[in-house]
Amino acid sequence: MPETKYKKDEDFNEWYNEIVELADLCDKRYPIKGMNVWRPYGWKLMNHVDRQIREEMEKTNHQEVYFPLLIPESLFKKEEEHIEGFGSEVYWITHAGTNELEERWLLRPTSETAMYPMFSIWIRSHADLPLKIFQIVNTFRYETKQTRAFIRVREIHFFEAHTCHVDFEDAEKQVKEDREIADRLLKKLCMPYIFCKRPEWDKFAGAFYTISIDVLMPSGRTLQLGSIHQYQDNFSKPYEISYETEGGEHNYCHQTTYGMSERILGALIGIHGDNKGLVMPPAVAPTQVVIIPIIFKGKEKEVLDACEILSKKLAEKNIKSHVDNRDISPGTKYYDWELKGVPLRIEIGPRDLDKKEIILVRRDTGEKKSVSQDASIETITVELDNISKSLYENAKKFLDENMHRVQSVEEAKNKKGIVELPWCGNDDCALEIENILDGNTLGEPIEDDEECKKYSCPMCGKPAETWMRFAKTY
Ligand code: ZN
């Protein structure tokens, strides 16, 4: 089978760009940089990921909404830190037709400032809480760095959940639930991840704290897929989101948000793909099983019928399959579906049918085997499960091998991936380490860990308060 021009383990970034185009995920030739066209296969894939997100939202009693794309400047300006954080990334609308607007509007970079004035109207009493809503929409950020499909774009396909609670503790429970949602979702996508509590200088503008969800890409750089924010009452005060308690007092709500973007797709492509193309985790593969009829003269009908029957049986078990009966060679079909990353390929020919067998080929390992036609549905189900497991295990192995806990910056320098160093808590020390490593501060692990207290900060020599993670990032 032909392989990509660029090899994943030699030139990851070029390989990534090549795969995105070859597999028909998006078209970057649209004349605004960073605003790419989603092609049918890419959009389908995104929809499958979104479906998993919607399922999780439903399970956890979030309601889906849709807010306007445009936000008036006056609303956006209510929370000071938020403006400072986003000001330079915003697209402004200044005219409607030939009229200059009295007040400028902006394209949402995220929706806090669109939603919260409405929350202030909706929420009256403690009985209205918790309020848990989400939307999956496009957001806009003016990126000045080099754009990259799904990873750094200016029009972003974005999931955002917003919640309001009676107090800080209830909002903390939401943060915990969000972490569980992230865990279930990313396990389905066979992607190991780390949670990092972002340092103060890098938390979301306006947040009390931010937990990032990061994955490690094969290039050794981390990619932030999303974040979970605890706002306390930082937004509810300026936006006047308050409620009446049972005792008749008026309190401000405590709020959280949870956001993720199309970067999930970027991670899927990068982590699981290989030199033949994409490798889709079965849970989100638009086609989970492709069935290829091996046609011989005089046996066409017999073979095609067997393919269709199998496809119907799979549909009954909610396994998405496709019979590729195009009039082209089987080899060309194999190539196409390998590129698209379909997890399992089935070949059915007259000789197999004589033996009452079919042939299964795994996309991830290339492993090929004959199985009895009678037991095929069970075997296919098991194989799909095996594929998910081994995709996750391989990615986990890579992450584990590339997370290094070290005590000195010297040791950290030579490591690929993520390093954890003991840190005193002083911003300057972390920023200096960033400089030396030519990387970024990811944040602290969220799990309590006393071990770091045995060590001292490599910069100032003071006792460490926590581990701090550093990596090169996208
Ligand atoms: Zn220090």
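Conventions and cut-offs
Residues numbered from 1 in each chain as written. Predicted model: local features only at pLDDT ≥ 70, side-chain atom pairs only at ≥ 80, totals over all residues. Heavy atoms only, no water. Phe/Tyr/Trp six-rings, centres within 6.5 Å; stacked < 30°, edge-to-face > 60°. Buried < 20%, exposed > 50% of the residue type's maximum accessible area, 1.4 Å probe, protein only. Helix = DSSP H or I, 4+ residues; strand = E, 2+ residues; numbered from the N terminus. Contact = heavy atoms within 4.5 Å. Polar contact = N/O pair within 3.5 Å; in protein donor to acceptor, adjacent residues only side chain to side chain. Donors = N, O, S within 2.8 Å, 3.2 Å for Na, K, Ca; no water. Tetrahedral: all angles 85-135°; square planar, octahedral: opposite > 155°, others 65-115°. Core = buried A, V, L, I, M, F, W, Y, C linked by side-chain atoms within 4.5 Å. Pairing = 2+ DSSP bridges.

A. Just the packing of aromatic side chains, in detail. On inspection of all chains with the given rule, the structure shows 20 aromatic pairs. Their ring planes at 40° and their centres at 4.5 Å tell us that Tyr231 and Phe235 sit as a pair that is tilted. Residues Tyr231 and Phe235 agree in their burial class; the two are buried. Residues Tyr455 and Trp467 carry aromatic rings whose centres are separated by 5.8 Å and whose planes lie at 50° to one another, so their mutual orientation is tilted. With Tyr455 in the loop between β22 (440-445) and β23 (466-471) and Trp467 in strand β23, the pair connects residues that are 12 residues apart, well separated along the chain. Judged by relative accessible area, which is 24%, Tyr455 ranks as partly exposed.

B. Local environment of the environment of Gln288. Here Gln288 shows up in the loop between α7 (263-272) and β15 (289-293). Sequence separation of Gln288 and Ser321 is 33 residues, and the distance between their C-alpha atoms is 5.8 Å. Beyond its immediate sequence surroundings of up to four residues, Gln288 is in contact with Pro282, Asn318, Ile319, Lys320, Val342, Pro343, Leu344 and Leu384. Engagement of the side chain of Gln288 in a polar contact is seen with the backbone oxygen of Pro282, the distance being 3.0 Å.

C. Up close: the coordination of the zinc ion. Protein coordination of the zinc ion is provided by Cys424 (SG), Cys429 (SG), Cys457 (SG) and Cys460 (SG), with donor distances spanning 2.3 to 2.4 Å. Around the zinc ion sit four donor atoms, and with donor-metal-donor angles ranging over 108 to 112° the site reads as tetrahedral. Read N to C, the donor residues that coordinate the zinc ion are spaced as C-x4-C-x27-C-x2-C. Separated by 36 residues along the polypeptide, Cys424 in the loop between β21 (418-423) and α13 (427-437) and Cys460 in the loop between β22 and β23 bring together distant segments of the chain.

D. Layout of α7. In terms of burial, α7 is largely enclosed, as 10 of its 10 residues are buried. The set of residues buried in α7 consists of Arg263, Ile264, Leu265, Gly266, Ala267, Leu268, Ile269, Gly270, Ile271 and His272.

E. Molecular detail of the nonpolar core. Ranked by internal contacts, the top residues of the largest apolar core, which has 53 residues, are Leu25, Phe150, Phe159, Met191 and Tyr258. Excluding its chain neighbours within four sequence positions, the residues that come into contact with Phe150 are Tyr16, Val20, Leu25, Cys26, Trp38, Glu262, Arg263, Leu265, Gly266 and Ile269. Ile71, Val90, Ala114 and Ile123 belong to the second largest nonpolar core, which has 25 residues in total.

F. Up close: the pairing of β22. Where strand β9 (residues 194-197) lies against β22, two bridges are found, and the strand directions are antiparallel. Paired with Cys196 across the bridge in β22 is Pro445. Across three bridges, the pairing between β22 and β23 is antiparallel. Of the residues in β23, the one forming a bridge with Thr441 is Phe470.

G. View of unusual backbone geometry. Between Leu129 and the following residue, Pro130, the backbone shows a cis peptide bond with an omega angle of -5°. Tracing the chain through its elements places Pro130 in the loop between α5 (112-122) and β7 (131-140). You will see that Phe150, though not glycine, has its phi angle at about 70°, which is positive. Within the secondary structure layout, Phe150 lies in the loop between β7 and β8 (155-165). One non-glycine residue, Lys356, adopts positive backbone phi at about 55°. Tracing the chain through its elements places Lys356 in the loop between α10 (350-354) and β18 (357-362). Exposure remark for Lys356: the relative accessible area of 54% places this residue in the exposed category.

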